[in-house]
Structures are given as structure tokens and as C-alpha cells.
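One-letter residues, chain by chain:
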Amino acid sequence: MDRAYVAAAIILTVSPLAGAGAQAPASAPARPSAGFPPAMPVKDRVEILQAAGFDVVANAQSVGISCGEKTIPNKPGVGATDLTGDGKPEYVVLSQRTCPGAAPPPIQVDIVMRRPDGVWQNILEARGAIKPAEGTTAGWRNLNVVNGTKVSAFVHDPASERYANTSDLQARKNVALAVRPTKYPPGTLPTAGWTMPMAVGSLSPGDIAALFTAAGYKKVGAGWKGCGGSSDAGLFEEDQLGGDQSSIADLNGDGQAEVMVFDASTECHGNAGTAFTILTPVPGGWKAVFRDGEGVPELLDTKSRTGWRDVVTAGPGFCHQAYRNDGKGYAPFRQVAEMPGACSH
């Protein structure tokens, strides 16, 4: 990505606060600096870029991303802004991280701050460009992340000391409240009345309990468990899947949404750490059409003869299994190489 373009995007989309705790209007002039301050030590520049996920050599003259066993040069754009009004800048890093042979992903934005102990910490990682939003949360400026036509609201979450998608925060609350599955009228689809696109934060506690039950998870204490009680069930958050994909999507073109849920456990799922289940709506409830896919789901544009989108189990490594649903459920049908030759070994 062109450095001048990224720097310009930062200048156009990030505004500093007028003062501590102030609610600067969205029309406030955009006045962040572009690039690192000339006097900033090389050590800090390196640590900021590393916190944003880049491979950096000691003198900060070479910045890259990991593509298999190789490091591919990358030119992130950097801008400084003050999101709290305390006079101390946070650093915004924009980049497009593409490995050879892969389709260009959306722009990625990372915001990095210096903690009181001097460590540089990533406090926001999302796909898109940032724009200021009205108001503050816990003293931090609210932000929007724009990815094409999708606009996601982010606020500072004191519990994690990071920015979080407001939809994800609501989904976490609803998962904690999920106890009794919703009972759907006989002959009625559980998705009746849903409007797409639908955010995970729009799922009610009863809907979540119904999904987890259909996936085979059990309510244990304050959470839901899978894998014989050894894993923790959850909802994929808005930015956990690749590109602009959502865990609530119509996979077979019938106008009704499927939902993908996961359970996390390194004991049960090895290096992948997670496994997922795909649920499709049926009269009176949900039916699993894919179980125990280790990793996270990646939806392909290709489809089976019955109209179901193909799914890849994305996880560690660069060769992944693709699955196809010909009407009876998903089954393996080919491998997908993340890089040329990755599946030839």
C-alpha cells in the first residue's frame, strides 16, 4: 500500500480531542501528525510497529509481515492523535497486509498506546479506516471503523482496557444471561423476523441458549461448555472472521441466516484452539450441518450444486481443508493452499 495514501487516510479520519474528557464534535478539524515524531527513539518506533503486528528489524529500517517462512516487506502508514485529551499521543497504524498469491484484504487499522509502565499496547485492531464518533466512554473518544459500506461502533472497554465493538460487548452480556433456550412455535423458523445483516449483539439470551443447546453444549455454572466440559462455548465476534465475513450469514441462499458458534480449548482442539459448529434454522429450532471444524470458518464464494457455500477450516499452517454441503451436511472435498505449494508436502 502506498505510504502517502495511508498517511492521508489517517489525517482525514482521526481527530484529536479538544480537552480531557471533552466530547469533541465529529466536525472538529482533523489535525493529527503524520508519521513518527522526529525525536522519537528508534526503540519506541520498533515497539509500536511490533504491537501493531509487524516484523521489524532493530533499526526500524525494514518492516514486514510473515508469509509462511518468509517476511514480505510492508509499508504501514503511521499517524499520531490524542484520544483522551491528556496531551499524550496514541499512534494509529494503517496497512494492507497481502501475502503473494493472496487476494488483497481490507485495510487494517491498529491503535497503540504507551501504558504507565512504558510498554506499548495494542488497544484496537480492526479492518477498515477509523473516524471519530460522538461522545466518550471512560474518558476515551468513541470511534467508528468504516469497512466499505459497513460502519462498526467502537468504545473503550474498561474491563479489557481496549477498544471493543459495541455489538461484541452486547453479545458478551447476552451470552452471560443465556440460560433457558427460546421455545419456538411448531412450524416456525427461529429466524422469522430477522433482518439481515444481523449483528451478534442482536441475538437474545434465549436465542443464544437455543443455538448452544443445538450445537451440543451444556450450561455449566456461569457459562456453556463443550468437549465433555473441557471447552468454553461462545459467539464469534464481529472481526474474528476473515475479511468482512460474519458469523451470521445466509449460506444456502434461502433467505434465512445460518449461525456459526465455537468452543475454545487447547486441550480438545490442539494448536487451533477452537472448533466451530454451523447451525441452520429448521421449523421449531436449529439443526447442526457442520460439527467440530477445528479452527475458524472461512466462507468461500464457490457453492455446491445444492447452493450451499463452501467452507474452509482456517487455523495454524498454510494448507487448510475445504468442506462442501451437497444437501446432507458438510464433508471434506479439497484442500486450499494459503500460499502456492503449501499443500504439496
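None of the values given here were measured: they were computed from a predicted structure.

Rules of the game
- Residues numbered from 1 in each chain as written.
- Predicted model: local features only at pLDDT ≥ 70, side-chain atom pairs only at ≥ 80, totals over all residues.
- Heavy atoms only, no water.
- Helix = DSSP H or I, 4+ residues; strand = E, 2+ residues; numbered from the N terminus.
- Buried < 20%, exposed > 50% of the residue type's maximum accessible area, 1.4 Å probe, protein only.
- Contact = heavy atoms within 4.5 Å.
- Areas by Shrake-Rupley, 256 points an atom, 1.4 Å probe, with all protein chains shown as cover.
- Pairing = 2+ DSSP bridges.
- Axes fitted to C-alpha atoms, helices over the stretch in contact; angles between N-to-C directions.
- Phe/Tyr/Trp six-rings, centres within 6.5 Å; stacked < 30°, edge-to-face > 60°.
- Lys NZ or Arg CZ within 6 Å of the ring centre and 35° of its normal.
- Core = buried A, V, L, I, M, F, W, Y, C linked by side-chain atoms within 4.5 Å.
- Parallel < 35°, antiparallel > 145°, perpendicular 65-115°, else oblique.
- Left-handed = near helix turned anticlockwise from the far one by under 90°.
- Nonpolar A, V, L, I, M, F, W, Y, C, P; charged D, E, K, R; others polar.
- Disulfide = S-S within 2.5 Å.
- Salt bridge = Lys/Arg side-chain N within 4 Å of Asp/Glu carboxyl O.

A. Summary view of the overall build of the chain. Within the chain one finds five helices and 23 strands. Burial status across the chain gives 46% buried among its 345 residues. Partitioning the contacts of the chain with sequence separation of at least 6, the portion at a separation of at least 24 is 44%. Approximately 16,600 Å² of the chain is accessible, and the part contributed by carbon and sulfur atoms is 53%.

B. The sheet that holds strand β9 (residues 129–137), seen in detail. Strand order in this open sheet of four strands is β9-β10-β11-β12, and the pairing throughout is antiparallel. What marks the edges here is a single partner per strand, and that holds for β9 and β12 (162–165). Ignoring strand direction, the axes of neighbouring strands in this sheet form an average angle of 35 degrees. By the bridge criterion, four bridges tie strand β11 (residues 150–157) to β12 in an arrangement that is antiparallel. Within β12, the residue paired with F154 across the bridge is N165. Set on the sheet, helix α3 (residues 166–177) makes contact with β11 and β12; between it and β12 the angle comes to about 80 degrees.

C. Expanded view of helix α2 (residues 42–51). Every buried residue of α2 is accounted for by D44, V46, I48 and L49. Looking at the buried side of α2, the elements it contacts are β2 (55–56), β3 (63–67), β5 (77–81), β6 (90–95), β7 (108–114) and β8 (120–127).

D. Geometry of the packing of aromatic side chains. Scanning the entire structure with this criterion turns up 11 aromatic pairs. Pairwise contacts between aromatic rings join F276, F290, W308, Y323 and Y330 into one cluster. The ring of F54 is capped by R97, whose NZ or CZ atom sits 4.1 Å from the centre of that ring. Above the ring of F333, the side-chain terminus of R324 is found at 4.2 Å from the ring centroid.

E. Inspection of the nonpolar core at higher detail. W194, L203, F212, L235, I248, V261 and W286 are the most contacted members of the largest nonpolar core, which totals 25 residues. A total of six residues in this core trace back to one element, the largest contributor, which is helix α4 (residues 205–214). Not counting residues within four places of it along the chain, the set of residues in contact with W286 comprises Y184, P190, T191, W194, A210, L211, A214, A257, V259, L279, T280 and P281. Membership of the second largest hydrophobic core comes to 19 residues, among which are F36, L49, F54 and V56.

F. Structural view of the packing of α3 against α4. Relative to each other, α3 and α4 sit at 70 degrees, their axes nearing to 8 Å. Here α3 is positioned roughly perpendicular relative to α4, judged by the angle of their axes. For the element pair α3 and α4, the recorded crossing hand is right-handed. Here A171, N174, V175 and L177 of α3 come into contact with α4, specifically with P205, I208 and F212. Looking at side-chain class alone, the contact of α3 with α4 contains six nonpolar, one polar and no charged residues.

G. How the structure looks around the environment of Q240. Residue placement: Q240 occurs in the loop between β15 (231–235) and β16 (248–249). The partly exposed category is assigned to Q240, whose relative accessible area is 41%.

H. Highlighting unusual backbone geometry. The peptide bond linking M196 to P197 adopts the cis configuration, its omega dihedral lying at -5 degrees. Phi at E161 is positive, roughly 60 degrees, even though this residue is not glycine.

I. Highlighting the sheet that holds strand β4 (residues 70–73). Strand order in the open sheet formed by three strands is β2-β3-β4, and the pairing between neighbours is antiparallel. Each having just a single partner strand, β2 and β4 make up the two edges of the open sheet.

J. Fine view of the state of the cysteines. For the coordinates displayed, the defined rule picks out two disulfides. There is a disulfide in this structure between C67 and C99, and the S-S distance comes to 2.0 Å. Looking along the S-S bond of the C67-C99 disulfide, the torsion reads about -90 degrees, which is the left-handed sense. Of this pair, C67 sits in strand β3 while C99 sits in the loop between β6 and β7; the two residues are 32 residues apart in sequence, bridging distant segments of the chain. The exposure class of C67 is buried, given its relative accessible area of 1%.

K. Just the pattern of salt bridges, in detail. A full pass over the atoms with the stated rule returns 10 salt bridges. A salt bridge links D157 to R172; the shortest N-O distance between them is 3.6 Å. Pair noted here: D157 is in strand β11 and R172 is in helix α3, with a separation of 15 residues, a long-range link. What makes D157 buried here is its relative accessible area of 11%. For E237, the salt bridge is made with R172, and the minimal N-O distance between the two is 2.8 Å. Placement of the pair is E237 in the loop between β15 and β16 and R172 in helix α3, with a sequence separation of 65 residues. Given the relative accessible area of 23%, E237 is considered partly exposed. Overlapping salt bridges, with partners in common, bring together D157, R172 and E237 in one network.

Fair warning: the whole summary comes from geometry, so function is off the table for now.
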